[in-house]
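What follows is the residue order along each chain.
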Amino acid sequence: MGRFDRYILSHLIRVFGFFALVLVGIYWVNRAVILLDRYLSEGQSGGMVLELTVLSIPAIMTIVLPVAGFVAAAYTTNRLHADSELVVVQATGYSAFRLARPFAVFGMLLAGLMLALGHLVVPLSFQQMSRIEAELAEAISARLLVPGTFQSPTDGVTVYVRDIASDGTLEGLLVTDRREGIRETTYSAHRALLVRHDEGPRLVMFDGMAQTIDTRTGRLATTVYDSFTVSIGTLVSAPAQRRLDYRALPTLSLLSPTPEIVERSGRSEDYLFREAHLRVTEALLSVGAVLVGFSALMLGGFSRFGLWRQILLAVLLVVVVKLTDNAAIDVAREDPANWPAVYLSSAFALLLNLLLLWLGNGSFGAWIHRRQAA
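Residues numbered from 1 in each chain as written. Predicted model: local features only at pLDDT ≥ 70, side-chain atom pairs only at ≥ 80, totals over all residues. Heavy atoms only, no water.

Visitor: Give a description of the packing of helix α11 (residues 308-334) against helix α12 (residues 344-360) that names residues and reports values.
Guide: Each pair of packed helices gets described by two things: the angle between the helix axes and the distance between those axes. Contact pair α11 / α12: the axes reach a minimum separation of 9 Å and the direction vectors enclose 155°. One element, α11, and the other, α12, form an angle in the roughly antiparallel class. Classified by chirality, the crossing of α12 by α11 is right-handed. The residues of α12 that touch α11, namely those facing L317, V320, V321, T324 and D325, are S345, F348, A349, L352 and L356. A breakdown of the residues in the contact of α11 with α12 according to their chemical character gives seven nonpolar, two polar and one charged. (Axes fitted to C-alpha atoms, helices over the stretch in contact; angles between N-to-C directions. Helix = DSSP H or I, 4+ residues; strand = E, 2+ residues; numbered from the N terminus. Parallel < 35°, antiparallel > 145°, perpendicular 65-115°, else oblique. Left-handed = near helix turned anticlockwise from the far one by under 90°. Contact = heavy atoms within 4.5 Å. Nonpolar A, V, L, I, M, F, W, Y, C, P; charged D, E, K, R; others polar.)

Listed below in C-alpha coordinates is the structure:
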(Lines give C-alpha, C1' and ligand atoms only; values in the text may rest on other atoms or scores of the structure.)
Protein backbone atom coordinates (compact mmCIF):
# COMPACT_ATOMS: atom_id res chain seq x y z
CA MET A 1 0.00 0.00 0.00
CA GLY A 2 1.12 3.52 -0.77
CA ARG A 3 1.55 6.29 1.77
CA PHE A 4 -1.79 7.87 0.89
CA ASP A 5 -3.53 4.50 1.27
CA ARG A 6 -2.01 4.01 4.72
CA TYR A 7 -3.04 7.55 5.62
CA ILE A 8 -6.70 6.86 4.73
CA LEU A 9 -6.60 3.44 6.38
CA SER A 10 -5.33 4.93 9.64
CA HIS A 11 -8.21 7.43 9.60
CA LEU A 12 -10.70 4.64 8.95
CA ILE A 13 -9.42 2.51 11.81
CA ARG A 14 -9.49 5.38 14.32
CA VAL A 15 -13.00 6.50 13.38
CA PHE A 16 -14.21 2.89 13.26
CA GLY A 17 -12.80 2.20 16.72
CA PHE A 18 -14.60 5.21 18.18
CA PHE A 19 -18.01 4.45 16.66
CA ALA A 20 -17.71 0.72 17.35
CA LEU A 21 -16.96 1.41 21.01
CA VAL A 22 -19.92 3.78 21.32
CA LEU A 23 -22.41 1.49 19.55
CA VAL A 24 -21.29 -1.66 21.38
CA GLY A 25 -21.49 0.23 24.67
CA ILE A 26 -25.05 1.40 23.99
CA TYR A 27 -26.24 -2.07 22.99
CA TRP A 28 -24.40 -3.74 25.88
CA VAL A 29 -25.81 -1.40 28.52
CA ASN A 30 -29.33 -2.04 27.24
CA ARG A 31 -28.74 -5.80 27.31
CA ALA A 32 -27.11 -5.66 30.74
CA VAL A 33 -30.04 -3.74 32.25
CA ILE A 34 -32.50 -6.36 30.98
CA LEU A 35 -30.44 -9.29 32.34
CA LEU A 36 -29.75 -7.62 35.68
CA ASP A 37 -33.43 -6.79 36.17
CA ARG A 38 -34.42 -10.33 35.21
CA TYR A 39 -31.99 -12.35 37.33
CA LEU A 40 -31.10 -10.13 40.29
CA SER A 41 -34.78 -9.71 41.12
CA GLU A 42 -34.88 -13.51 41.50
CA GLY A 43 -31.97 -13.50 43.96
CA GLN A 44 -29.33 -14.77 41.54
CA SER A 45 -25.60 -14.26 42.00
CA GLY A 46 -24.45 -10.89 40.73
CA GLY A 47 -21.13 -12.34 39.53
CA MET A 48 -22.82 -14.92 37.31
CA VAL A 49 -25.20 -12.33 35.89
CA LEU A 50 -22.29 -9.99 35.15
CA GLU A 51 -20.45 -12.82 33.40
CA LEU A 52 -23.57 -13.48 31.36
CA THR A 53 -23.73 -9.85 30.23
CA VAL A 54 -20.05 -9.82 29.27
CA LEU A 55 -20.50 -12.99 27.21
CA SER A 56 -23.23 -11.26 25.21
CA ILE A 57 -20.74 -8.71 23.81
CA PRO A 58 -19.45 -10.84 20.85
CA ALA A 59 -23.00 -11.34 19.52
CA ILE A 60 -23.62 -7.60 19.89
CA MET A 61 -20.43 -6.87 17.96
CA THR A 62 -21.61 -8.86 14.94
CA ILE A 63 -24.63 -6.55 14.79
CA VAL A 64 -22.98 -3.16 15.25
CA LEU A 65 -19.56 -3.57 13.59
CA PRO A 66 -20.91 -3.40 10.00
CA VAL A 67 -22.80 -0.24 10.97
CA ALA A 68 -19.64 1.23 12.51
CA GLY A 69 -17.71 0.32 9.34
CA PHE A 70 -20.22 2.14 7.15
CA VAL A 71 -20.20 5.22 9.38
CA ALA A 72 -16.39 5.25 9.45
CA ALA A 73 -16.21 5.08 5.64
CA ALA A 74 -18.78 7.83 5.13
CA TYR A 75 -17.27 10.06 7.83
CA THR A 76 -13.71 9.66 6.52
CA THR A 77 -14.75 10.32 2.91
CA ASN A 78 -16.68 13.42 3.93
CA ARG A 79 -13.70 14.64 5.98
CA LEU A 80 -11.28 14.12 3.09
CA HIS A 81 -13.68 15.96 0.80
CA ALA A 82 -14.13 18.87 3.24
CA ASP A 83 -10.34 19.26 3.55
CA SER A 84 -10.02 19.16 -0.27
CA GLU A 85 -7.68 16.18 -0.03
CA LEU A 86 -9.79 14.14 -2.43
CA VAL A 87 -9.76 17.00 -4.94
CA VAL A 88 -5.94 17.15 -4.81
CA VAL A 89 -5.36 13.42 -5.29
CA GLN A 90 -7.96 13.25 -8.06
CA ALA A 91 -6.14 16.08 -9.82
CA THR A 92 -3.00 13.94 -9.78
CA GLY A 93 -4.81 11.20 -11.68
CA TYR A 94 -6.34 9.03 -8.97
CA SER A 95 -9.56 7.46 -10.22
CA ALA A 96 -12.50 6.54 -8.02
CA PHE A 97 -11.52 2.88 -8.34
CA ARG A 98 -7.97 3.70 -7.20
CA LEU A 99 -9.23 5.73 -4.25
CA ALA A 100 -11.46 2.81 -3.23
CA ARG A 101 -8.44 0.58 -2.58
CA PRO A 102 -7.83 1.56 1.09
CA PHE A 103 -11.57 1.32 1.76
CA ALA A 104 -11.62 -2.15 0.21
CA VAL A 105 -8.65 -3.18 2.38
CA PHE A 106 -10.42 -1.83 5.46
CA GLY A 107 -13.57 -3.71 4.45
CA MET A 108 -11.61 -6.96 4.14
CA LEU A 109 -10.04 -6.41 7.56
CA LEU A 110 -13.51 -5.88 8.97
CA ALA A 111 -14.72 -9.00 7.17
CA GLY A 112 -11.87 -10.98 8.71
CA LEU A 113 -12.89 -9.74 12.15
CA MET A 114 -16.53 -10.67 11.45
CA LEU A 115 -15.49 -14.15 10.31
CA ALA A 116 -13.46 -14.68 13.48
CA LEU A 117 -16.40 -13.53 15.59
CA GLY A 118 -19.01 -15.54 13.71
CA HIS A 119 -17.09 -18.80 13.45
CA LEU A 120 -15.07 -18.84 16.69
CA VAL A 121 -15.86 -16.25 19.36
CA VAL A 122 -19.66 -16.09 19.16
CA PRO A 123 -20.21 -19.90 19.29
CA LEU A 124 -17.87 -20.14 22.29
CA SER A 125 -19.65 -17.28 24.04
CA PHE A 126 -23.04 -18.91 23.46
CA GLN A 127 -21.71 -22.20 24.83
CA GLN A 128 -20.67 -20.45 28.03
CA MET A 129 -23.95 -18.52 28.17
CA SER A 130 -25.93 -21.75 27.84
CA ARG A 131 -23.91 -23.25 30.69
CA ILE A 132 -24.49 -20.27 32.96
CA GLU A 133 -28.20 -20.05 32.12
CA ALA A 134 -28.57 -23.75 32.90
CA GLU A 135 -26.87 -23.25 36.27
CA LEU A 136 -29.12 -20.29 37.02
CA ALA A 137 -32.20 -22.30 36.09
CA GLU A 138 -31.12 -25.21 38.30
CA ALA A 139 -30.27 -23.03 41.28
CA ILE A 140 -33.64 -23.67 42.94
CA SER A 141 -32.68 -22.36 46.35
CA ALA A 142 -31.35 -19.11 44.87
CA ARG A 143 -34.25 -18.78 42.45
CA LEU A 144 -37.12 -19.50 44.82
CA LEU A 145 -35.89 -19.13 48.40
CA VAL A 146 -34.82 -15.67 49.49
CA PRO A 147 -34.27 -15.39 53.27
CA GLY A 148 -36.76 -13.21 55.12
CA THR A 149 -39.21 -12.78 52.25
CA PHE A 150 -42.39 -14.50 51.11
CA GLN A 151 -42.05 -15.97 47.63
CA SER A 152 -44.80 -17.22 45.31
CA PRO A 153 -43.05 -19.45 42.75
CA THR A 154 -46.39 -20.49 41.24
CA ASP A 155 -50.06 -19.67 41.71
CA GLY A 156 -51.41 -20.97 45.03
CA VAL A 157 -47.99 -21.69 46.58
CA THR A 158 -46.24 -19.44 49.10
CA VAL A 159 -42.74 -20.14 50.49
CA TYR A 160 -40.98 -18.45 53.39
CA VAL A 161 -37.57 -19.24 54.90
CA ARG A 162 -36.07 -17.37 57.83
CA ASP A 163 -32.44 -17.99 56.90
CA ILE A 164 -30.18 -20.17 54.75
CA ALA A 165 -27.06 -21.55 56.42
CA SER A 166 -23.67 -21.67 54.72
CA ASP A 167 -24.09 -25.42 54.10
CA GLY A 168 -27.43 -24.87 52.33
CA THR A 169 -29.67 -25.83 55.25
CA LEU A 170 -32.97 -23.95 55.28
CA GLU A 171 -33.86 -22.68 58.74
CA GLY A 172 -37.42 -21.74 59.74
CA LEU A 173 -39.27 -22.97 56.64
CA LEU A 174 -42.96 -22.34 55.91
CA VAL A 175 -44.76 -23.64 52.77
CA THR A 176 -48.43 -23.07 52.02
CA ASP A 177 -50.18 -24.96 49.20
CA ARG A 178 -53.65 -23.67 48.18
CA ARG A 179 -53.77 -25.00 44.62
CA GLU A 180 -56.51 -27.58 45.21
CA GLY A 181 -59.02 -24.93 46.23
CA ILE A 182 -61.03 -27.19 48.56
CA ARG A 183 -57.99 -28.04 50.66
CA GLU A 184 -55.15 -25.90 52.04
CA THR A 185 -51.97 -27.44 53.44
CA THR A 186 -49.31 -25.63 55.43
CA TYR A 187 -45.92 -27.22 56.08
CA SER A 188 -43.61 -25.83 58.75
CA ALA A 189 -40.19 -27.10 59.75
CA HIS A 190 -37.28 -26.04 61.92
CA ARG A 191 -34.82 -27.26 59.30
CA ALA A 192 -35.03 -28.40 55.68
CA LEU A 193 -32.74 -29.51 52.86
CA LEU A 194 -33.04 -29.40 49.10
CA VAL A 195 -31.74 -32.65 47.61
CA ARG A 196 -31.47 -33.98 44.05
CA HIS A 197 -33.42 -37.00 42.88
CA ASP A 198 -33.76 -38.87 39.59
CA GLU A 199 -37.44 -37.94 39.44
CA GLY A 200 -36.87 -34.31 40.39
CA PRO A 201 -35.67 -32.27 43.36
CA ARG A 202 -36.95 -33.10 46.84
CA LEU A 203 -37.52 -30.92 49.90
CA VAL A 204 -36.67 -32.85 53.11
CA MET A 205 -38.12 -31.19 56.24
CA PHE A 206 -37.18 -32.00 59.88
CA ASP A 207 -39.00 -31.36 63.16
CA GLY A 208 -42.11 -29.84 61.73
CA MET A 209 -45.84 -29.97 61.28
CA ALA A 210 -48.30 -30.36 58.39
CA GLN A 211 -51.70 -28.70 58.81
CA THR A 212 -54.47 -29.40 56.31
CA ILE A 213 -57.79 -27.57 56.44
CA ASP A 214 -60.88 -28.49 54.41
CA THR A 215 -62.31 -25.17 53.24
CA ARG A 216 -65.80 -26.72 52.79
CA THR A 217 -66.19 -28.18 56.29
CA GLY A 218 -63.62 -26.15 58.18
CA ARG A 219 -62.06 -29.33 59.64
CA LEU A 220 -58.36 -29.16 60.45
CA ALA A 221 -56.02 -32.17 60.32
CA THR A 222 -52.60 -31.86 61.95
CA THR A 223 -49.59 -34.13 61.51
CA VAL A 224 -46.39 -33.74 63.52
CA TYR A 225 -43.29 -35.32 61.99
CA ASP A 226 -39.60 -35.78 62.69
CA SER A 227 -38.82 -35.87 58.96
CA PHE A 228 -40.98 -35.43 55.91
CA THR A 229 -40.16 -35.35 52.19
CA VAL A 230 -42.03 -33.34 49.57
CA SER A 231 -41.41 -33.43 45.83
CA ILE A 232 -40.61 -29.90 44.69
CA GLY A 233 -41.93 -30.90 41.28
CA THR A 234 -45.43 -31.07 42.76
CA LEU A 235 -45.11 -27.52 44.07
CA VAL A 236 -43.03 -25.83 41.39
CA SER A 237 -42.76 -26.65 37.72
CA ALA A 238 -39.28 -28.05 37.21
CA PRO A 239 -37.27 -26.41 34.43
CA ALA A 240 -37.73 -28.23 31.16
CA GLN A 241 -34.78 -29.75 29.37
CA ARG A 242 -33.02 -26.99 27.52
CA ARG A 243 -32.94 -27.13 23.75
CA LEU A 244 -29.50 -27.09 22.16
CA ASP A 245 -28.84 -23.57 20.87
CA TYR A 246 -27.62 -23.81 17.27
CA ARG A 247 -25.78 -20.51 17.73
CA ALA A 248 -23.42 -22.30 20.12
CA LEU A 249 -22.48 -24.91 17.51
CA PRO A 250 -19.23 -24.69 15.52
CA THR A 251 -19.62 -23.96 11.83
CA LEU A 252 -18.39 -27.43 10.85
CA SER A 253 -21.14 -28.97 12.99
CA LEU A 254 -23.71 -26.79 11.22
CA LEU A 255 -22.43 -27.83 7.80
CA SER A 256 -22.57 -31.54 8.65
CA PRO A 257 -24.98 -31.95 11.60
CA THR A 258 -25.35 -35.33 13.24
CA PRO A 259 -28.80 -36.83 13.96
CA GLU A 260 -28.24 -36.05 17.65
CA ILE A 261 -27.63 -32.36 16.88
CA VAL A 262 -30.72 -32.22 14.68
CA GLU A 263 -32.85 -33.79 17.42
CA ARG A 264 -31.50 -31.72 20.31
CA SER A 265 -31.64 -28.41 18.43
CA GLY A 266 -35.07 -29.05 16.95
CA ARG A 267 -33.83 -27.75 13.58
CA SER A 268 -33.62 -29.46 10.22
CA GLU A 269 -30.30 -30.16 8.49
CA ASP A 270 -31.07 -27.58 5.80
CA TYR A 271 -31.85 -24.98 8.46
CA LEU A 272 -28.50 -25.56 10.20
CA PHE A 273 -26.72 -25.54 6.84
CA ARG A 274 -28.27 -22.16 6.04
CA GLU A 275 -27.20 -20.73 9.40
CA ALA A 276 -23.60 -21.71 8.68
CA HIS A 277 -23.67 -19.74 5.43
CA LEU A 278 -25.30 -16.76 7.12
CA ARG A 279 -22.13 -16.43 9.20
CA VAL A 280 -20.24 -15.93 5.94
CA THR A 281 -22.70 -13.48 4.42
CA GLU A 282 -22.50 -11.27 7.52
CA ALA A 283 -18.80 -10.75 6.77
CA LEU A 284 -19.36 -10.16 3.05
CA LEU A 285 -22.05 -7.57 3.72
CA SER A 286 -19.70 -5.66 6.01
CA VAL A 287 -17.40 -5.15 3.01
CA GLY A 288 -20.35 -3.94 0.95
CA ALA A 289 -21.41 -1.51 3.68
CA VAL A 290 -17.94 0.03 3.87
CA LEU A 291 -17.69 0.48 0.09
CA VAL A 292 -21.17 2.02 -0.13
CA GLY A 293 -20.10 4.55 2.49
CA PHE A 294 -17.29 5.61 0.14
CA SER A 295 -18.62 5.10 -3.38
CA ALA A 296 -21.95 6.90 -2.81
CA LEU A 297 -20.09 9.99 -1.61
CA MET A 298 -17.98 10.03 -4.78
CA LEU A 299 -21.01 10.95 -6.89
CA GLY A 300 -21.13 14.59 -7.99
CA GLY A 301 -18.46 17.24 -8.00
CA PHE A 302 -17.24 19.69 -5.42
CA SER A 303 -19.90 21.69 -3.59
CA ARG A 304 -19.46 24.28 -0.86
CA PHE A 305 -22.66 22.94 0.71
CA GLY A 306 -20.95 19.63 1.48
CA LEU A 307 -21.98 16.08 0.66
CA TRP A 308 -25.19 15.86 2.64
CA ARG A 309 -27.14 14.65 -0.43
CA GLN A 310 -24.62 11.90 -1.08
CA ILE A 311 -24.66 10.95 2.59
CA LEU A 312 -28.44 10.59 2.52
CA LEU A 313 -28.10 8.50 -0.64
CA ALA A 314 -25.51 6.28 1.05
CA VAL A 315 -27.82 5.69 4.02
CA LEU A 316 -30.70 4.89 1.67
CA LEU A 317 -28.57 2.44 -0.32
CA VAL A 318 -27.41 0.64 2.83
CA VAL A 319 -31.04 0.27 3.86
CA VAL A 320 -31.84 -1.15 0.41
CA VAL A 321 -28.96 -3.65 0.71
CA LYS A 322 -30.19 -4.71 4.16
CA LEU A 323 -33.76 -5.11 2.87
CA THR A 324 -32.40 -7.26 0.05
CA ASP A 325 -30.55 -9.36 2.62
CA ASN A 326 -33.72 -9.78 4.70
CA ALA A 327 -35.69 -10.81 1.62
CA ALA A 328 -33.03 -13.37 0.67
CA ILE A 329 -33.06 -14.79 4.20
CA ASP A 330 -36.86 -15.05 4.08
CA VAL A 331 -36.62 -17.01 0.83
CA ALA A 332 -34.14 -19.40 2.44
CA ARG A 333 -36.26 -19.61 5.60
CA GLU A 334 -39.35 -20.67 3.69
CA ASP A 335 -37.36 -23.47 2.08
CA PRO A 336 -33.95 -24.05 3.71
CA ALA A 337 -32.89 -25.93 0.58
CA ASN A 338 -32.67 -22.49 -1.08
CA TRP A 339 -29.70 -21.55 1.12
CA PRO A 340 -27.66 -20.15 -1.84
CA ALA A 341 -30.16 -17.27 -1.88
CA VAL A 342 -28.45 -15.77 1.20
CA TYR A 343 -25.55 -14.73 -1.05
CA LEU A 344 -27.77 -12.66 -3.35
CA SER A 345 -27.48 -9.59 -1.13
CA SER A 346 -23.68 -9.78 -1.22
CA ALA A 347 -23.72 -10.02 -5.01
CA PHE A 348 -26.16 -7.11 -5.17
CA ALA A 349 -23.91 -4.98 -2.92
CA LEU A 350 -20.90 -5.76 -5.14
CA LEU A 351 -22.71 -4.76 -8.35
CA LEU A 352 -24.09 -1.65 -6.67
CA ASN A 353 -20.63 -0.51 -5.61
CA LEU A 354 -19.17 -1.14 -9.06
CA LEU A 355 -21.95 0.97 -10.57
CA LEU A 356 -21.43 3.79 -8.06
CA LEU A 357 -17.67 3.81 -8.63
CA TRP A 358 -18.21 3.83 -12.39
CA LEU A 359 -20.57 6.79 -12.08
CA GLY A 360 -18.30 8.55 -9.59
CA ASN A 361 -15.35 8.14 -11.93
CA GLY A 362 -17.14 10.20 -14.57
CA SER A 363 -17.48 7.23 -16.88
CA PHE A 364 -21.19 7.80 -17.34
CA GLY A 365 -20.70 11.43 -18.39
CA ALA A 366 -17.90 10.47 -20.77
CA TRP A 367 -20.09 7.73 -22.25
CA ILE A 368 -22.92 10.22 -22.83
CA HIS A 369 -20.47 12.69 -24.41
CA ARG A 370 -19.15 10.04 -26.78
CA ARG A 371 -22.68 9.04 -27.80
CA GLN A 372 -23.59 12.65 -28.50
CA ALA A 373 -20.40 13.19 -30.52
CA ALA A 374 -21.16 10.12 -32.57
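Still more ground to cover, so stick around.
Visitor: Could you give an account of the pairing of strand β1 (residues 150-154), naming the residues involved and the relevant values?
Guide: Where β1 and strand β2 (residues 157-164) come together, three bridges link them in antiparallel fashion. Bridging from a neighbouring strand, Q151 pairs with V159 of β2. The hairpin turn running from β1 into β2, its antiparallel successor, is two residues long, and G156 in that turn takes a positive phi close to 90°. (Pairing = 2+ DSSP bridges.)

Visitor: Describe in detail the packing of aromatic side chains, supporting the description with residues and values.
Guide: With the rule as written, the count across this model stands at eleven aromatic pairs. Pairing Y246 with Y271 gives two aromatic rings, centres 5.6 Å apart and planes at 85°, and the pair type is edge-to-face. A residue pair is termed long-range when its members are at least 10 positions apart, and Y246 in the loop between α7 (232-235) and α8 (251-255) and Y271 in helix α10 (residues 269-295) qualify at 25 residues. Of the two residues, Y246 and Y271, both sit in the buried class. Aromatic ring contacts, followed pair by pair, group F4, Y7 and Y94 into a single cluster. Sitting over the ring of Y271, R274 keeps its end group 4.6 Å from the ring centre. (Phe/Tyr/Trp six-rings, centres within 6.5 Å; stacked < 30°, edge-to-face > 60°. Buried < 20%, exposed > 50% of the residue type's maximum accessible area, 1.4 Å probe, protein only. Lys NZ or Arg CZ within 6 Å of the ring centre and 35° of its normal.)

Visitor: Account for the pairing of strand β3 (residues 170-177), with residues named and values stated.
Guide: Buried residues dominate β3, accounting for six of its eight residues. Joining the antiparallel neighbours β2 and β3 is a turn of five residues, in which G168 adopts a positive phi near 90°. Sheet topology places β3 next to strand β4 (residues 183-195); seven bridges connect them, and they run antiparallel. Across the sheet, residue V175 finds its bridge partner in β4, namely Y187. Two successive antiparallel strands, β3 and β4, enclose a turn made up of five residues, where G181 displays a positive phi of approximately 85°.

Visitor: Give a detailed account of α12, specifying residues and quantitative values.
Guide: An ideal rise of 1.5 Å per residue puts 24 Å on 17 residues; α12 measures up with 24 Å between its terminal C-alpha atoms. Those residues of α12 lying buried are S345, S346, A349, L352, N353, L356, L357 and G360. Seen from one end, α12 has its buried residues packed into an arc of 130°, which puts them on one side. Opposite the buried face of α12, at more than 90 degrees from it, the exposed residues are L344 and L351. (Expected span 1.5 Å × (residues − 1). Arc of directions from axis to C-beta.)

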